[in-house]
Amino acid sequence: MSYFSDITFVTYGQAKDSVLRARNRFFEGYYGLQFLYGGTLTGHVDDNPQETVSHPAAFITFPGVSWNYESPEGTCRDQIWLCFKGPRVERYLKTGLMNEPVDEKMTRLIIDE
């Protein structure tokens, strides 16, 4: 069995000096590790209050909710993402390596203040 046979990488990428907006973005059927390595990002999940994070920061996007995020007006950000699905992800959730969303917030995983 191949090491990666139980995980599928859906998409990945890098956006340098990005001003792109995600509006009502749904990650149906997969999760994503979003890493902000430059700039600031504001956003919210569904109708929850807006949150703001500055680099370095990371958060996991998950299915079943509407994601909205962007760089604050007049600024840009540097972001890398890796999206994935499969049985291994289910094991990550079960064992606590990744947390199930509790309150549908853009929970920060890494913040270096």
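Residues numbered from 1 in each chain as written. Predicted model: local features only at pLDDT ≥ 70, side-chain atom pairs only at ≥ 80, totals over all residues. Heavy atoms only, no water.

**Student:** For this particular structure, what's the right way to read the nonpolar core?
**Tutor:** Generally speaking, a soluble globular protein has its nonpolar side chains buried in company with each other. Of all hydrophobic cores here, the largest spans 21 residues; its most connected members are Tyr31, Trp67, Val89 and Met98. For this core, the secondary-structure elements that each account for two or more residues are strand E3 (31-45), strand E5 (57-61), strand E6 (67-70), strand E7 (77-85) and helix H1 (87-95). In terms of residue count, the dominant contributor to this core is E3 (four residues). (Core = buried A, V, L, I, M, F, W, Y, C linked by side-chain atoms within 4.5 Å. Buried < 20%, exposed > 50% of the residue type's maximum accessible area, 1.4 Å probe, protein only. Helix = DSSP H or I, 4+ residues; strand = E, 2+ residues; numbered from the N terminus.)

**Student:** Would you mind going over the pairing of strand E4 (residues 51-54) with me for this structure?
**Tutor:** Two faces make up the sheet, and in a regular strand the side chains alternate between them. Burial of E4 is one-sided: the residues Glu51 and Val53 facing one way are buried, the residues Thr52 and Ser54 facing the other way are not. Here four bridges tie E3 to E4, and the two strands are oriented antiparallel to one another. Bridge pairing in E4 places Gly43 opposite Glu51. What sits between E3 and E4 in their antiparallel hairpin is a turn of five residues, with Asp46 showing a positive phi close to 50 degrees. (Pairing = 2+ DSSP bridges.)

**Student:** Just to check I follow, could you spell out the packing of aromatic side chains for this structure?
**Tutor:** Centre distance and the angle of the planes are the two values used to describe a pair of aromatic rings. Considering all chains together, one arrives at eight aromatic pairs under this definition. Ring geometry for Phe59 against Trp67: centres 6.1 Å apart, planes inclined by 25 degrees, an arrangement best described as stacked. Exposure class is identical for Phe59 and Trp67. Each is buried. In textbook terms, an aromatic cluster arises when at least three aromatic residues are bridged by ring pairs, as seen for Phe27, Tyr30, Phe59, Phe62, Trp67 and Tyr69. The ring of Phe27 carries the charged tip of Arg25 above its face, separated from the ring centre by 4.3 Å. One Lys or Arg, Arg88, reaches over the ring of Tyr3 and ends 4.5 Å from the middle of that ring. (Phe/Tyr/Trp six-rings, centres within 6.5 Å; stacked < 30°, edge-to-face > 60°. Lys NZ or Arg CZ within 6 Å of the ring centre and 35° of its normal.)

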